[in-house]
Amino acid sequence: MTESDKKFMRRAIALAERGMNSNEGGPFGAVVVKDGVIIAEGNNSVTSTNDPTAHAEVVAIRRACEKLKSFQLDNCIIYTSCEPCPMCLGAIYWARPKMVFYACDKIDAAKIDFDDQFIYDEIDKPIGERNIPFVRILKDEGFKVFNEWAKKTDKTDY
């Protein structure tokens, strides 16, 4: 951990505080850094935008990818004020940064009523035993598009 890492984390924490104090959403902030420069930042804006996916990390990832004109965050580092939730963790893995720094962890978040353990528990359950019903329909029609994708010669792999 360097002084630069501390500086970027302090920025993520400041974004969390700013977003919280302006009632945009929960107390979470994130920045994306490339080559020692912040290229994007975000804070949680779930309640102000009525968007359950507007978590700080997702907002910052979207902005960084837009700026980089890429769907991947090659050679980027994410600094986030809290250990990412399952959704943000998935987004981070899809974006493929080289590293993530976080301040608070999921236990700290649970203590202030941001407890994601129920999602981790749901992921581990067989699909038929989850609390929200998942019903498979029209598999053959859906699979037809998958077959077309497999044969597509001009696709962008990711």
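Up top is the structure these notes are about.
Going along each chain's sequence as written, the residues are numbered from 1 onward. Confidence filtering applies because this is a predicted model: local features only for residues at pLDDT of at least 70, side-chain atom pairs given and counted only at 80 or more, and all residues used for totals across whole chains, interfaces and linings. Heavy atoms throughout the structure, all of them, feed into the side-chain values; hydrogens and water do not.

## So, the sheet that holds strand β1 (residues 29–34)
Strand pairing in a sheet takes place through backbone hydrogen bonds and is either antiparallel or parallel in direction.
Reasoning step 1: Sheet architecture is open: 4 strands sit in the order β2-β1-β3-β4, paired in mixed fashion. At either margin of the open sheet sits one strand with a lone partner, and together these are β2 (37–43) and β4 (99–104). Strand after strand, the sheet turns through a mean of 15° between neighbouring axes, direction not considered.
Reasoning step 2: Here 5 bridges tie β1 to strand β3 (residues 76–82), and the two strands are oriented antiparallel to one another. The partner of V33 across the bridge, within β3, is I77.
Reasoning step 3: The contact definition used throughout considers only heavy atoms, calling two residues in contact when any of these lie within 4.5 Å. Every axis corresponds to a line fitted to the C-alpha atoms, with the helix fit spanning only the stretch in contact, and the corresponding angles, defined between N-to-C directions, vary from 0 to 180 degrees. In this text, helices come from DSSP runs of H or I with a minimum length of four residues, and strands from runs of E with a minimum of two, each type numbered from the N-terminal end. Strand contacts of helix α3 (residues 56–68): β1, β2 and β3, with the helix running at about 140° to β2, the strand carrying the most contacts. At least two DSSP bridges between two strands are required for those strands to pair.

## Considering the side chain of S45
Reasoning step 1: Tracing the backbone through its elements, the reader meets S45 in the loop between β2 and α2 (46–49).
Reasoning step 2: Apart from the residues lying within four places of it in its own chain, the contact partners of S45 are E24, G25, A54 and V59.

## Focus: the packing of aromatic side chains
Reasoning step 1: Geometry of aromatic contacts follows a simple scheme: Phe, Tyr and Trp rings, the Trp one being its six-membered ring, pair when their centres are within 6.5 Å, and the pair is stacked under 30 degrees between planes, edge-to-face over 60, tilted otherwise. Throughout the structure, instances matching the rule amount to 5 aromatic pairs.
Reasoning step 2: Ring geometry for F8 against Y79: centres 5.3 Å apart, planes inclined by 50°, an arrangement best described as tilted. Of this pair, F8 sits in helix α1 (residues 3–21) while Y79 sits in strand β3; the two residues are 71 residues apart in sequence, bridging distant segments of the chain.
Reasoning step 3: On the accessibility criterion, F8 (4% relative accessible area) is buried.
Reasoning step 4: According to the relative accessible area criterion, Y79 is buried, its value standing at 1%.
Reasoning step 5: Relative to F114, the ring of F28 has its centre 4.9 Å away and its plane inclined at 90°; by these criteria the two rings are edge-to-face. Of this pair, F28 sits in the loop between α1 and β1 while F114 sits in the loop between α5 (106–111) and α6 (117–124), placing them 86 residues apart in sequence. Only protein chains enter the calculation, and the probe is 1.4 Å; a residue is then buried if its accessible area is under 20% of its type maximum, exposed if over 50%, and partly exposed in between.

## A look at the packing of α3 against helix α4 (residues 86–95)
Reasoning step 1: With their axes 9 Å apart at the nearest point, α3 and α4 run at an angle of 25° to one another. As the angle between them shows, α3 and α4 are arranged roughly parallel. As α3 runs across α4, the sense of the crossing is left-handed. Residues E57, V58 and I61 of α3 form the contact with α4, whose participating residues are M87, C88, A91, I92 and A95.
Reasoning step 2: Just so you know the grouping, Ala, Val, Leu, Ile, Met, Phe, Trp, Tyr, Cys and Pro go in nonpolar, Asp, Glu, Lys and Arg go in charged, and all remaining residues, Gly too, go in polar. Along the lines of polarity and charge, the residues of the contact of α3 with α4 split into 7 nonpolar, no polar and 1 charged. Roughly parallel here means an angle under 35 degrees, roughly antiparallel means over 145, roughly perpendicular means 65 to 115, and every remaining angle is called oblique. By definition, turning the near helix anticlockwise from the far helix through less than a right angle yields a left-handed crossing, and turning it clockwise yields a right-handed one.

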